[in-house]
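# Structural description and commentary
Okay, here's what each chain looks like letter by letter:
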Amino acid sequence: MTLKILIDTDAASAPYEQLRSQISAQARSGTLPVGYKLPTVRGLAEELGLAANTVAKAYRALEGDGVIETRGRNGTFVAAAGDAAERQAAAAAQAYAEQVHRLGLSREDALRAVRDALRAAYEA
C-alpha cells in the first residue's frame, strides 16, 4: 500500500489544498488505513516536487482536521478520523442551523444555501 498523490500545477486549488484533500479522501475511504505511516515532510516534498513548507502546511491542516496525528520522532500516521470528522461536521451543521434560524431564513432558503455551498465545494 502506498500513498498516491497527483498535484496539478495548473489547477485552481493550491498544491497544499490538493495534497490535503487527497490524503483526507484516502484516509476517509480506507485506502490509507488507520495507523498508516505517512512519508516525512521532506520526503514527500521531494517526491512530489513541492516545497517542504507546502507539505508541512497540508500536514498541519490534516492534523487540525483530526485526519492525521504526529507521534514525535516516530512519524506521522493516519488517525482514526471518522468520528472526529463526523463530530466536527455535526457541530458545524448545528451552528449553521442556529445562525440561519436567528437570521430568520426559511428552512428552504437555508437548505438552498447549503446545497449551493456544497456544490461549489465539491465541484471545484
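Below you will find a few notes about this structure. (Residues numbered from 1 in each chain as written. Predicted model: local features only at pLDDT ≥ 70, side-chain atom pairs only at ≥ 80, totals over all residues. Heavy atoms only, no water.)

Sheet architecture is open: three strands sit in the order 1-3-2, paired in antiparallel fashion. Unpaired on one side and paired on the other, strand 1 (37-38) and strand 2 (68-70) mark the two borders of the sheet. In this sheet, strand 3 (residues 76-78) lies alongside strand 2 in antiparallel orientation, the contact comprising three bridges. Of the residues in strand 3, the one forming a bridge with Ile-68 is Val-78. Contacts from helix 3 (residues 52-64) reach strand 1, strand 2 and strand 3 within the one sheet, and its direction differs from that of strand 2 by about 110°. (Pairing = 2+ DSSP bridges. Helix = DSSP H or I, 4+ residues; strand = E, 2+ residues; numbered from the N terminus. Contact = heavy atoms within 4.5 Å. Axes fitted to C-alpha atoms, helices over the stretch in contact; angles between N-to-C directions.)

To continue, consider the nonpolar core. If you look at the biggest cluster of nonpolar residues, it comprises 18 residues, and the most contacted ones within it are Leu-3, Ile-23 and Tyr-59. Among the elements that line this core, the one with the most residues is helix 3, at four residues. Residues within four places of Leu-3 in sequence aside, it is in contact with Ile-23, Gln-26, Leu-32, Tyr-36, Leu-38, Pro-39 and Leu-44. (Core = buried A, V, L, I, M, F, W, Y, C linked by side-chain atoms within 4.5 Å. Buried < 20%, exposed > 50% of the residue type's maximum accessible area, 1.4 Å probe, protein only.)

Evaluated as defined, the whole model comprises five salt bridges. A salt bridge links Arg-20 to Asp-65, with the nearest nitrogen and oxygen atoms 3.8 Å apart. Here Arg-20, found in helix 1 (residues 15-29), pairs with Asp-65, found in the loop between helix 3 and strand 2; they are 45 residues apart in sequence, far enough to count as distant. Overall, the relative accessible area of 18% leaves Arg-20 in the buried class. (Salt bridge = Lys/Arg side-chain N within 4 Å of Asp/Glu carboxyl O.)

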